[in-house]
2 protein chains.
Amino acid sequence: MNLIMLFEEDFFAPDRVRLEGRRLAHVLGVHGAAPGDSLAVGVLNGRMGRGTVTHLDPSALEMDVRLDQDPPEKLPLTLLLALPRPKVLNRALAAATSLGVARIVLINAWKVEKSYWKSPRLNPENLQQQRVLGLEQAKDTILPELSLVRFFRSFVEDELPALVGNTLPLVAHPGSPEPCPRGLSRPITLAIGPEGGWVDAEVKSLIDCGFRPVDLGPRILRVETALASLVGRLY
Amino acid sequence: MNLIMLFEEDFFAPDRVRLEGRRLAHVLGVHGAAPGDSLAVGVLNGRMGRGTVTHLDPSALEMDVRLDQDPPEKLPLTLLLALPRPKVLNRALAAATSLGVARIVLINAWKVEKSYWKSPRLNPENLQQQRVLGLEQAKDTILPELSLVRFFRSFVEDELPALVGNTLPLVAHPGSPEPCPRGLSRPITLAIGPEGGWVDAEVKSLIDCGFRPVDLGPRILRVETALASLVGRLY
């Protein structure tokens, strides 16, 4: 936690907050903070700055906050990600958020097991929590947009063209003749398949929607590793 | 596991292997393989190919193997990594290995807690196991070299110059005026600090050894995310 995320309900005065629970435990256990200390804070979807500890005991942390910085700019990147298995989902969401991805679409694919869609990790509280953890890691406050798409085909045919808009649409597809481009500055829509990859029909649907299949080299990476490597390469 | 790693002791004939334990459990539980199926295999530090299942029961898997492929080339990258906390160490080692890093040096730094050096995860068996997991993920067989450096200063002064040799030495240091370069093909030595970063004296020692401090942007990333992003950017 490189920044303590503040929410509207934490404020009991325009520039004063009171925290309990996870954030209090972190400040007590990891920061070992004391009254007078200054901690990096940010308001969800708002500005960032410093909080000065005015009161700290095992039940609550109070701070005077001064919000004088803007959060870093998001990458102009929309990530179309085949729903990872539950064990991987949290890591992938936090990693994508920490990297500055602006928008995440979790989408079904042939090789996504149906049971993944029943995971309790898909509840809205967890989906927000993992993104908040990514923001706190990265020192950012702007929650990436997130949507869940249960039906690949109708989404790709009916909604994806508008989402792609003027972005460069790329689909990661091992073995493609074109290597993934690098060092771009334009908006990108990047599709990353499930473990085992997209099936041919899915790649064809994406190509029909304007996507260019790109190769990432001979190594097969875990989704969160592939994602970070791609973001480093693309921007 | 995108490749089943084979070790010398698995062979009971020149082209026949017998496996138990973790790899057997994986083949039974994840692959759901049956006699006659063909699985991707590779010999540690050797060639890769296919294994045809000749016998499979809950106590052992036997395969006929044909090793007709070379593993992918390593990236010409030496990673000088401040020893991560134990919880992160396994993930960082597997990620670095899966990315194709040729050599990993785990080094002490001011902000590395002394207790990290006492972690049971630093035993040679675990250090090998995490790298093997990274190879099995990536479909590679060549174990990256790994060394542990307990004393930063004497290592940097006495041994690092020879290790750097003709490589491009870079130290990731947030706030440096020079952004991290991209799309290189030459050998690189890349130093990544602990959570909290290198202290000034460490950066100075590395600069004295020829390292260029480079900035990675405004976001603070977890070590395994930063590593993947950097590798994607550098190569």
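Across its full length, chain A carries seven helices and 12 strands. Sorting the 235 residues of chain A into buried and exposed places 41% on the buried side. For chain A, contacts bridging at least 24 residues in sequence account for 71% of all contacts bridging at least 6.

For these two chains of identical sequence, chain A goes onto chain B by a turn of 180° and a shift of 0.0 Å along the axis, with RMSD 0.0 Å. Such a combination of rotation and displacement between the chain copies is what one expects of a two-fold axis. In this assembly, 100% of the residues forming the interface of chain A have copies in chain B that are likewise at the interface, indicating an isologous arrangement.

Bringing the environment of L44 of chain A into the picture now. Residue and element names in this part refer to chain A. Position of L44 relative to the elements: it lies in the loop between β4 (38–43) and β5 (48–57). Spatially, the C-alpha atoms of L44 and M5 are 6.3 Å apart, while their sequence positions differ by 39 residues. Discounting residues that sit within four places of it in the chain, L44 has contacts with M5, L6, F7, T141 and L143.

Turning our eyes to something else, we now look at the packing of helix α2 (residues 86–99) of chain A against helix α7 (residues 223–234) of chain A. Residues and elements named next belong to chain A. Remark: α2 packs on α7, axes separated minimally by 9 Å, with the N-to-C direction vectors making an angle of 15°. By the angle between their directions, the pair α2 and α7 is classed as roughly parallel. When you trace α2 past α7, the crossing you get is right-handed. Taken together, the residues of α7 that come into contact with α2 (itself represented by V88, R91, A92, A95, A96 and L99) are V223, E224, L227, A228 and V231.

All names here are of chain B. If you trace the six strands from one edge of the open sheet to the other, you get β9-β8-β7-β11-β10-β12, paired in parallel fashion. Of all strands in the sheet, those bounded by a partner on one side alone are β9 (145–149) and β12 (212–214). Neighbouring strand axes in the sheet, compared pairwise and without regard to direction, differ in orientation by 20° on average. Of the pairings in the sheet, the one linking strand β7 (residues 75–82) to strand β11 (residues 188–192) comprises five bridges and is parallel in character. Residue pairing for β11: L81 is matched across the bridge by I192.

Before going further, it helps to spend a moment on the interface of chain A and chain B. When the parts of a complex come together, some accessible area is lost, and that lost area is often used as the size of the interface. The interface is formed by 24 residues belonging to chain A together with 24 residues belonging to chain B. If you list the elements that add at least two residues to the side of chain A that touches chain B, you get α2, α3 (124–138) and α7 of chain A. Per element, the largest residue contribution to the side of chain A that touches chain B is seven residues, and it comes from α7 of chain A. Taken together, the residues of the side of chain A that touches chain B sort by class into 10 nonpolar, eight polar and six charged.

Our focus in this paragraph is the domain arrangement of chain A. Residue and element names in this part refer to chain A. Taken domain by domain, chain A comprises domain 1 (4–69) and domain 2 (75–234). Each of domain 1 and domain 2 was reduced to a C-alpha centroid, and the two centroids are 33 Å apart. Of the residues lining the interface, eight residues belong to domain 1; the matching set on domain 2 comes to seven residues. Counting residues per element, the side of domain 1 that touches domain 2 draws most heavily on β4, which supplies three residues. Its residues placed into classes, the side of domain 1 that touches domain 2 shows five nonpolar, three polar and no charged.

With that settled, consider the sheet that holds strand β12 (residues 212–214) of chain A. Residues and elements named next belong to chain A. Spatially, the six strands line up as an open sheet ordered β9-β8-β7-β11-β10-β12, and their pairing is parallel. The outermost strands of the open sheet, each flanked by one partner alone, are β9 (145–149) and β12. Going across the sheet, the axis of each strand differs from the next one's by a mean of 20°, ignoring polarity. Where strand β10 (residues 168–172) and strand β11 (residues 188–192) come together, four bridges link them in parallel fashion.

Residue and element names in this part refer to chain B. With respect to the helices and strands, the residue R18 is situated in strand β3 (residues 16–19). Considered as a pair, R18 and T54 are 36 residues apart in the sequence and their alpha carbons are 9.8 Å apart. Those residues in contact with R18 that sit more than four places away from it in its chain are D10, F12, A60 and E62.

Residue pairs three or four apart in sequence face the same way in an α-helix, which turns once every 3.6 residues. Residues and elements named next belong to chain B. Helix length check: helix α3 (residues 124–138) (15 residues) gives 21 Å between terminal C-alpha atoms against 21 Å at 1.5 Å per residue, within 8%. Buried within α3 we find Q130, R131, G134, L135, E136, Q137 and A138. The secondary structure elements touched by the buried residues of α3 are β1 (4–6), α2 (86–99) and β9. Backbone geometry just after α3 places K139 at a positive phi near 65°.

This brings us to α7 of chain A. Here α7 of chain A contains 12 residues, and its C-alpha end-to-end distance of 16 Å stays within 8% of the 16 Å for a straight helix at 1.5 Å per residue. α7 of chain A sits mainly inside the fold: 12 of its 12 residues count as buried. Where the residues of α7 of chain A are buried, they touch β7 (75–82), α2, β10 and β11 of chain A together with α2 and α7 (223–234) of chain B.

Our next topic: the environment of L163 of chain B. Residue and element names in this part refer to chain B. One can find L163 in helix α5 (residues 160–164). In this structure the C-alpha to C-alpha distance between L163 and T189, which are 26 residues apart in sequence, comes to 8.4 Å. Aside from chain neighbours lying at most four places away, what touches L163 is T78 and T189.

Time to look at the pairing of β11 of chain A. Within β11 of chain A, five of the five residues are buried, which leaves the element mostly enclosed by the surrounding structure. The alternating pattern of β11 of chain A places I188, L190 and I192 of chain A and T189 and A191 of chain A on opposite faces, both of which are buried.

Right, let's get into the pairing of strand β4 (residues 38–43) of chain B. Residue and element names in this part refer to chain B. Judged from the three bridges that link them, β1 and β4 form a sheet pairing that is parallel. Considered in β4, the bridge of L6 is made with V43. Note: β4 against strand β5 (residues 48–57), five bridges, orientation antiparallel. Across the sheet, A40 pairs through a bridge with R50, a residue of β5. Here β4 hands over to β5 after four residues, with N45 in that stretch at a positive phi of 60°.

Definitions and limits used
- Sequence order as written defines residue numbering, which begins from 1 separately in each chain.
- Labels follow written order: the first chain is A, the first ligand is 1, and so on.
- Only residues with pLDDT of at least 70 get local features here, since the model is predicted, and only at 80 or more are side-chain atom pairs given and counted; chain-wide, interface and lining totals rely on the full set of residues.
- Each helix is a run of H or I in the DSSP string that is no shorter than four residues. Each strand is a run of E no shorter than two, and both are numbered from the N terminus.
- Exposure is read from a count of other C-beta atoms within 10 Å of each residue's own; the residue is exposed at 12 or fewer, buried at 20 or more and partly exposed in between. C-beta atoms are placed from the backbone.
- Contacts are defined on C-beta atoms placed from the backbone: any two residues whose C-beta positions lie within 7 Å are in contact.
- Only residues with pLDDT of at least 70 in both copies contribute their C-alpha atoms to the least-squares superposition of the copies.
- Note on geometry: axes are lines fitted to C-alpha atoms, helical ones only across the stretch in contact, with angles between N-to-C directions running from 0 to 180 degrees.
- Roughly parallel means an angle under 35 degrees; roughly antiparallel means over 145; roughly perpendicular covers 65 to 115; every other angle is labelled oblique.
- Left-handed describes a crossing in which the near helix is turned anticlockwise from the far one by less than a right angle; the clockwise case is right-handed.
- By definition, two strands form a pair when at least two bridges between them are found by DSSP.
- Throughout, the ten residues Ala, Val, Leu, Ile, Met, Phe, Trp, Tyr, Cys and Pro are labelled nonpolar, Asp, Glu, Lys and Arg are labelled charged, and all others, Gly among them, are labelled polar.
- Domain start and end points were adopted from an automatic or database domain assignment.
- Expected helix span is taken as 1.5 Å per residue step, with the number of steps being one fewer than the number of residues.

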